[in-house]
Amino acid sequence: MATCGNPNAPAVKFERLPTFAEPTHYDVRLSPCLNQFSFEGLSTVDVTIKEATDVLKVHAQSLLIQSVSLVANPGDAPKKCDTSYDDKLNILSIKLPSVVQPQKVQLIFQFVGELNDKMRGFYRSQYKDKSGSEKFLASTQFESTYARYAFPCFDEPIYKATFDITLEVENHLTALSNMNVVSETPSTDGKRKIVKFATTPKMSSYLVAFAVGELEYISAQTKSGVEMRVYTVPGKKEQGQYSLDLSVKCIDWYNEWFDIPYPLPKCDLIAIPDFSMGAMENWGLVTYREIALLVDPGVTSTRQKSRVALVVAHELAHLWFGNLVTMKWWTDLWLKEGFASFMEYMFVGANCPEFKIWLHFLNDELASGMSLDGLRNSHPIEVEIDNPNELDEIYDSITYAKSNSVNRMLCYYLSEPVFQKGLRLYLKKFQYSNAVTQDLWTALSEASGQNVNELMSGWTQQMGFPVLNVSQRQDGNNRILTVQQRRFISDGGEDPKNSLWQVPITVSVGSSPNDVKARFLLKERQQEFVVEGVAPGEWVKLNSGTTGFYRVEYSDEMLTAMLPDIASRKMPVLDRFGLINDLSALLNTGRVSIAQFVQVAASSANEDEYVVWGAIDEGMSKLLMCAREMSDDTLKSAKQLVIKMFEKTGAELGFAEQSGEDSQKMMLRALVQARLARAGHQPTIEKFNQLFNDFLEKGTPIHPDIRLATFGVVARCGGKEGFDKLMNLRETTTFQEIERQAMIAMSQTPEQPLLAQLFEYGFEKNKVRPQDQLYLFVGTGSTHMGQQYAWKYFCEHIKEFLEKYGGANSSLFQRCLKFAGESFGSEQRAVEFQDYFCNCKELNDTDRQTLARPIGQTVEAIRLNARLLESNRSVIETLLKQSNL
Ligand code: BES
Ligand code: ZN
């Protein structure tokens with residue numbers, strides 16, 4: 001990891017709450033004021049004291065505590081207590097009037113808080129109403145450690161309690177919380193109403209939620225009788241129809257799959273205009289970014305619609321995985337995130353076949369998990385968490401994508417019914433309680449009769465994953481495979497730890513490519529396996545269906561044997577993807593050259609699947625990236641090579657949707673045409689420009705799936721005029737996906753004054769919501785100018801970034817940091833990037849500690865780009881010379 005700052009500075013010692021006291025029930029009353037951005041609070045907490053003590057400790061942050069009193073025995077008059085506050089740990093210590101023996105007591109807190117604009121705790125969100133005037137609503141984001149911003153609490157997941165929430169709000173506002181309303185009464189002055197909600201089940205503090213504002217909703221009921229609603233700001237409720245329908249189906253489907261009915265009488269899904277994450281699984285009141293919940297059938301792209309389906313299903317899966325059964329501590333965060341991520345695909349796969357979601361799984365989950373986990377600065381799935389205030393960076397592709405992929409691997413290994421049986425056992429046993437990873441393995445072992453702990457601990461406790469080297473020999477009708485495992489590290493170097501995994505291996509063969517011919521479990525560094533009944537010359541492939549979380553490196557002979565069936569598409573699509581994605585990843589290790597990759601890609605000339613083209617495209621973009629660094633001539637030739645490879649498919653696909661196509665075709669069209677346009681293919685560029693102009697001038701709609709590609713061409717080739725048109729579009733649209741796409745496109749402009757204008761508009765004039773500002777960085781990596789501009793801008797404005805996003809711990813801040821650097825490709829830049837953070841005066845040692853991993857990962861990514869270039873310079877020159885361009 002990047003180490004800088006003062007190595008001798010003592011790390012801030014973190015402290016958990018003492019375990020001798022536990023909350024059992026909270027009664028929380030809050031009166032938010034949307035005009036003054038503040039709230040008043042009164043809460044009573046029932047606490048069980050288990051060891052004699054004269055002090056109690058609770059979390060509180062950014063609250064003005066007006067008084068704390070103790071009721072030692074029912075009926076006693078409350079006694080005021082002195083308090084002291086530790087602002088590093090956010091712990092309020094309450095000095096009790098005398099030593100209290102083990103018993104039940106009540107604490108009463110009176111406090112005032114702020115409705116902040118940092119998208120955490122109880123915060124305000126801003127939007128414009130129909131007449132264009134500014135409005136506010138208030139809502140919450142408590143995970144991981146922000147419930148303490150709203151009321152004093154035992155803010156660790158282990159402390160489950162029941163909650164009675166009461167909100168006092170202005171009469172015209174809607175007030176929501178986890179549970180249904182049980183009473184609504186006027187306040188004493190009649191100006192406000194007091195809305196009381198039913199008692200929640202036992203749950204962790206990070207799952208409590210409220211929302212207050214001028215809201216509208218649509219509703220429906222599940223078969224099991226749960227009232228489902230989608231809430232939005234005024235004017236948008238119709239866009240919630242898709243999610244509402246899906247969520248109704250989803251609750252019923254999970255009721256059955258988990259064999260535990262959803263225990264609350266209602267579940268609201270609400271779209272919040274300012275929201276730092278994608279969505280949050282508060283029990284009974286799930287909050288979403290607008291873009292993650294709302295769909296406009298003619299405007300939303302297929303990809304975005306499928307994302308909405310996944311996000312809806314993800315959060316609802318948490319109602320079981322996370323809410324009903326919760327991790328004991330954040331180290332086991334993956335227990336909820338990894339499983340909600342897996343279940344989202346299970347649900348969408350079974351209920352929305354039109355998305356072909358398991359194809360996308362490969363790129364979006366498996367490949368993205370491997371891409372991060374291939375770095376030396378990765379971390380194990382079960383990751384040590386000391387200070388949970390600094391754990392936002394753990395909500396990453398390891399916790400989500402790798403965990404998800406490892407779950408899929410295990411599900412295939414055990415079979416779905418066995419896997420499901422184990423999960424049901426686990427959920428029943430730990431419902432309304434907390435668990436650790438070992439508890440899950442025990443349940444799965446019980447269901448399967450296998451030692452799941454032994455199999456799985458290598459995957460969750462070690463970072464990284466293996467690459468298998470395979471070679472073969474024929475013996476009569478048998479194929480003998482020699483398989484060796486070592487940790488896959490993207491830089492191709494040695495594993496300092498000598499890690500070893502238990503790897504479930506599946507094998508398929510040329511004569512029946514859709515079946516699993518043999519299964520093995522690789523436990524040693526190297527083993528031989530015999531596959532019976534394989535003819536000489538027949539290809540043999542490992543990792544059938546790309547279900548395993550590992551890569552495979554074949555001998556030349558084995559790889560060559562597969563090429564004809566890749567070309568003819570006799571090999572199944574999941575395998576074609578896996579093979580090409582493995583090769584593309586091996587490029588950086590230096591073990592596969594770009595020339596070899598191009599050879600395999602060229603045999604995919606007849607490829608017709610979007611995801612496989614995606615893998616090819618990714619490899620080709622590596623070639624282009626290297627060529628750009630070499631010389632203008634080299635870049636020109638590389639672009640010609642790309643045109644040669646993509647032109648035929650582009651011509652066949654055209655631009656218009658054909659009737660009877662599946663959902664993947666339009667995405668494929670966008671991908672191929674966009675690549676041709678980027679490579680400078682003039683007819684394609686003209687066609688894109690025409691689409692855009694016809695849209696602006698004649699109102700001819702652009703198909704949502706090719707909209708981003710179109711905007712991109714306009715931004716890259718359309719000069720100031722194109723840029724202004726996109727800006728105008730962004731200003732006038734009310735639809736968040738179009739806003740986002742216009743921004744991503746504009747950030748690709750090759751003209752610095754325009755980029756400067758965009759950054760000023762977004763960051764300084766604050767015309768872009770803080771939650772979306774990172775999209776201004778996304779496209780900058782596509783030009784040298786953009787790269788340098790973005791990095792310089794980040795450095796010069798780091799203070800504002802830190803302030804705006806709420807500190808170094810904020811994931812929005814960390815994502816900007818990564819985007820600002822990761823497309824560089826030289827050792828000098830790697831050093832510059834690292835040094836900047838070491839010397840930056842706006843950061844303290846704790847910040848540097850928090851940022852060590854994201855910085856380390858970005859530095860590593862920059863070095864990988866540099867390495868790719870160095871190991872392929874001469875290969876690329878020869879390749880381009882030989883390609884007859
Ligand atoms: N529990 C998370 C939200 C969250 C993330 C809270 C990080 C605090 C810190 C939620 O269930 C989640 O995973 N949301 C994802 C979307 C999901 C579809 C992967 C997100 O927000 O990106
Ligand atoms: Zn989640």
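What counts, and at which threshold
- Residues numbered from 1 in each chain as written.
- Chains lettered and ligands numbered in written order.
- Predicted model: local features only at pLDDT ≥ 70, side-chain atom pairs only at ≥ 80, totals over all residues.
- Heavy atoms only, no water.
- UniProt positions renumbered as here; feature names shortened; annotations may be inferred.
- Helix = DSSP H or I, 4+ residues; strand = E, 2+ residues; numbered from the N terminus.
- Rg over C-alpha atoms; globule rule 2.2 N^0.38 Å.
- Buried < 20%, exposed > 50% of the residue type's maximum accessible area, 1.4 Å probe, protein only.
- Contact = heavy atoms within 4.5 Å.
- Areas by Shrake-Rupley, 256 points an atom, 1.4 Å probe, with all protein chains shown as cover.
- Lys, Arg positive; Asp, Glu negative; His and termini not counted.
- Charge placed at Lys NZ, Arg CZ, Asp CG, Glu CD.
- 1 Å grid on protein atoms, 1.4 Å probe; cavity = no way out; pocket = protein on both sides within 12 Å on 5 of 7 lines; lining within 4 Å.
- Points joined across faces, edges and corners; volume = space filled by probe spheres on them.
- Nonpolar A, V, L, I, M, F, W, Y, C, P; charged D, E, K, R; others polar.
- Domains from an automatic or database assignment.
- Near = heavy atom within 4 Å.
- Polar contact = N/O pair within 3.5 Å; in protein donor to acceptor, adjacent residues only side chain to side chain.
- Pairing = 2+ DSSP bridges.
- Axes fitted to C-alpha atoms, helices over the stretch in contact; angles between N-to-C directions.
- Core = buried A, V, L, I, M, F, W, Y, C linked by side-chain atoms within 4.5 Å.
- Salt bridge = Lys/Arg side-chain N within 4 Å of Asp/Glu carboxyl O.
- Buried area = accessible area lost by both parts, 1.4 Å probe.
- Parallel < 35°, antiparallel > 145°, perpendicular 65-115°, else oblique.
- Left-handed = near helix turned anticlockwise from the far one by under 90°.
- Donors = N, O, S within 2.8 Å, 3.2 Å for Na, K, Ca; no water.
- Expected span 1.5 Å × (residues − 1).

- As recorded by an unreviewed UniProt entry, the chain carries the name Aminopeptidase and is attributed to Caenorhabditis nigoni.
- What the UniProt record of the chain gives under Catalytic activity (unreviewed entry) is the line "Release of an N-terminal amino acid, preferentially alanine, from a wide range of peptides, amides and arylamides."
- A UniProt comment under Sequence similarities (unreviewed entry) is attached to the chain, and it reads "Belongs to the peptidase M1 family."

**Quick notes on the overall build of the chain**
Line of reasoning, step 1. Across its full length, the chain carries 26 helices and 29 strands.
Line of reasoning, step 2. What you see for the chain is a C-alpha radius of gyration of 28 Å, in line with the 29 Å of a compact globule of 885 residues.
Line of reasoning, step 3. When its C-alpha atoms are laid out on the principal axes, the chain stretches across 90 × 65 × 60 Å.
Line of reasoning, step 4. Here the chain holds 885 residues, and 61% of them are scored as buried.
Line of reasoning, step 5. The long-range share in the chain, meaning contacts at least 24 apart out of those at least 6 apart in sequence, stands at 72%.
Line of reasoning, step 6. Carbon and sulfur atoms make up 48% of the accessible area of the chain, which totals about 33500 Å².
Line of reasoning, step 7. Charged side chains in the chain number 92 positive and 109 negative. The centres of these two groups are separated by 1 Å.

**Details of empty space enclosed by the protein**
Line of reasoning, step 1. Applying the stated criterion across every chain yields a total of six cavities of 30 Å³ or more.
Line of reasoning, step 2. Volume-wise, the largest cavity comes out at about 90 Å³.
Line of reasoning, step 3. Looking at the lining of the largest cavity, the elements that each hand over two or more residues are α2 (290–293) and α19 (736–746).
Line of reasoning, step 4. Of the residues belonging to the lining of the largest cavity, the class tally is three nonpolar, five polar and three charged.
Line of reasoning, step 5. Here the lining of the largest cavity spans two domains, and each of domain 2 (215–463) and domain 5 (681–749) adds at least three residues to it.

**Quick look at the site of ligand 1**
Line of reasoning, step 1. Around ligand 1 there are 15 residues in total, and E143, G278, E281, E315 and Y400 lie nearest to it.
Line of reasoning, step 2. Contact between ligand 1 and E315: an oxygen atom at 2.7 Å from a side-chain N or O atom of the residue.
Line of reasoning, step 3. H318 is positioned such that a nitrogen or oxygen atom in its side chain is 2.9 Å from an oxygen atom of ligand 1.
Line of reasoning, step 4. Its free accessible area being 510 Å², ligand 1 has 87% of it covered by the protein chains.

**Structural notes on the UniProt feature "active site" (unreviewed entry) in the chain**
Line of reasoning, step 1. Within this numbering scheme, the UniProt entry marks E315 as carrying the feature "active site" (unreviewed entry).
Line of reasoning, step 2. Mapping E315 onto the fold places it in helix α3 (residues 302–318).
Line of reasoning, step 3. Beyond its immediate stretch of four places on either side in the chain, E315 contacts A279, M280, E281, V286 and Y288.

**Observations concerning the sheet that holds strand β26 (residues 518–522)**
Line of reasoning, step 1. With antiparallel pairing, the three strands of this open sheet are ordered in space as β26-β25-β28. Strands at the two margins of the open sheet, each flanked by one partner only, are β26 and β28 (540–542). Going across the sheet, the axis of each strand differs from the next one's by a mean of 25°, ignoring polarity.
Line of reasoning, step 2. In this sheet, β28 lies alongside strand β25 (residues 503–509) in antiparallel orientation, the contact comprising three bridges.

**Things to note about the sheet that holds strand β23 (residues 466–475)**
Line of reasoning, step 1. One open sheet accounts for four strands, arranged β27-β24-β23-β29; its pairing is mixed. Each of the sheet's edge strands pairs with one partner strand only, and the pair in question is β27 (526–531) and β29 (551–554). Shown here is a sheet whose adjacent strand axes are inclined to one another by a mean of 30°, direction ignored.
Line of reasoning, step 2. Here strand β24 (residues 478–487) pairs with β27 via six bridges, running antiparallel. Its bridge partner lying in β27, R479 is registered against V531.

**Considerations on the nonpolar core**
Line of reasoning, step 1. With 303 residues, the main nonpolar core has F151, I505, L542 and F794 as its most contacted residues.
Line of reasoning, step 2. When residues of this core are assigned to their parent elements, the largest contribution, 12 residues, is made by helix α13 (residues 610–630).
Line of reasoning, step 3. Setting aside chain neighbours within four positions, we find I505 in contact with L468, V483, A518, R519, F520, L522, F529, L542 and Y550.

**Overview of the UniProt feature "domain: Peptidase M1 membrane alanine aminopeptidase" (unreviewed entry) in the chain**
Line of reasoning, step 1. Those places that UniProt annotates as "domain: Peptidase M1 membrane alanine aminopeptidase" (unreviewed entry) correspond, in this numbering, to residues 242–459.
Line of reasoning, step 2. Between the C-alpha atoms that bound residues 242–459 there is a distance of 37 Å. The span itself is 58% helix and 9% strand.

**A look at the pattern of salt bridges**
Line of reasoning, step 1. Overall, the coordinates contain 50 salt bridges when judged by the stated rule.
Line of reasoning, step 2. The partner of D27 in a salt bridge is R29, and the shortest N-O contact between them spans 3.2 Å.
Line of reasoning, step 3. When its relative accessible area of 42% is taken as the criterion, R29 is described as partly exposed.
Line of reasoning, step 4. Across the pair D155 and R148 runs a salt bridge, and its minimum N-O distance is 2.9 Å. Each of the two residues, D155 as well as R148, counts as buried.

**Some details on the domain arrangement of the chain**
Line of reasoning, step 1. Examined at the domain level, the chain breaks down into domain 1 (21–210), domain 2 (215–463), domain 3 (470–568), domain 4 (593–675), domain 5 (681–749) and domain 6 (752–884).
Line of reasoning, step 2. Computed over C-alpha atoms, the centres of domain 2 and domain 6 are 30 Å apart.
Line of reasoning, step 3. Each partner contributes residues to the interface: domain 2 has 19 residues there, and domain 6 has 18 residues.
Line of reasoning, step 4. Taken together, both faces of the contact between domain 2 and domain 6 bury some 1600 Å²; the carbon and sulfur share is 40%.

**With respect to the packing of helix α8 (residues 437–448) against helix α9 (residues 452–461)**
Line of reasoning, step 1. Relative orientation of the contacting elements α8 and α9 amounts to 140°, with a least axis distance of 9 Å. Classified by the angle their axes make, α8 and α9 are oblique. In the crossing of α8 with α9, the sense of the turn from one axis to the other is right-handed. The segment α8 lies against α9, with Q438, W441, L444, S445 and S448 engaging V452, N453, M456 and T460.
Line of reasoning, step 2. Residues belonging to the contact of α8 with α9 are distributed by class as follows: four nonpolar, five polar and no charged.

**A word on unusual backbone geometry**
Line of reasoning, step 1. Here the amide bond leading from E143 into S144 is cis, since omega sits at 0°, within 30 degrees of zero.
Line of reasoning, step 2. Relative to the helices and strands, S144 resides in the loop between β10 (134–141) and β11 (162–170).

**Some points on the environment of F20**
Line of reasoning, step 1. Structurally, the position occupied by F20 is in the segment before β1 (21–33).
Line of reasoning, step 2. Look at F20 and you get buried, because its relative accessible area is 17%.
Line of reasoning, step 3. Each C-alpha atom of the pair F20 and T546 lies 49 Å from the other, and the pair is 526 residues apart in sequence.

**Quick notes on the coordination of the zinc ion (ligand 2)**
Line of reasoning, step 1. Listed as protein donors to the zinc ion (ligand 2) are H314 (NE2), H318 (NE2) and E337 (OE); their distances from the metal cover 1.9 to 2.1 Å.
Line of reasoning, step 2. Between consecutive donors of the zinc ion (ligand 2), the numbers of intervening residues give the motif H-x3-H-x18-E. Of this pair, H318 sits in helix α3 while E337 sits in helix α4 (residues 334–351), and the two are 19 residues apart along the sequence.
Line of reasoning, step 3. Judged by relative accessible area, E337 falls into the buried class, the value being 2%.

**Quick word on α4**
Spacing of three or four residues puts side chains on the same side of an α-helix, whose turn is 3.6 residues.
Line of reasoning, step 1. With 18 residues, α4 ought to run about 26 Å at 1.5 Å a step, and its terminal C-alpha atoms sit 25 Å apart, in line with that.
Line of reasoning, step 2. Of all 18 residues making up α4, 15 are buried, and the element is well covered by its neighbours.

**What about helix α11 (residues 573–589)?**
Line of reasoning, step 1. In this model α11 runs 25 Å from its N-terminal to its C-terminal C-alpha over 17 residues, within 8% of the 24 Å that 1.5 Å per residue would give.
Line of reasoning, step 2. Taking burial as the measure, the 17 residues of α11 include 16 buried ones, the bulk of the element.
Line of reasoning, step 3. Trailing α11 by a residue or two, G590 shows a phi angle of about 85°, which is positive.

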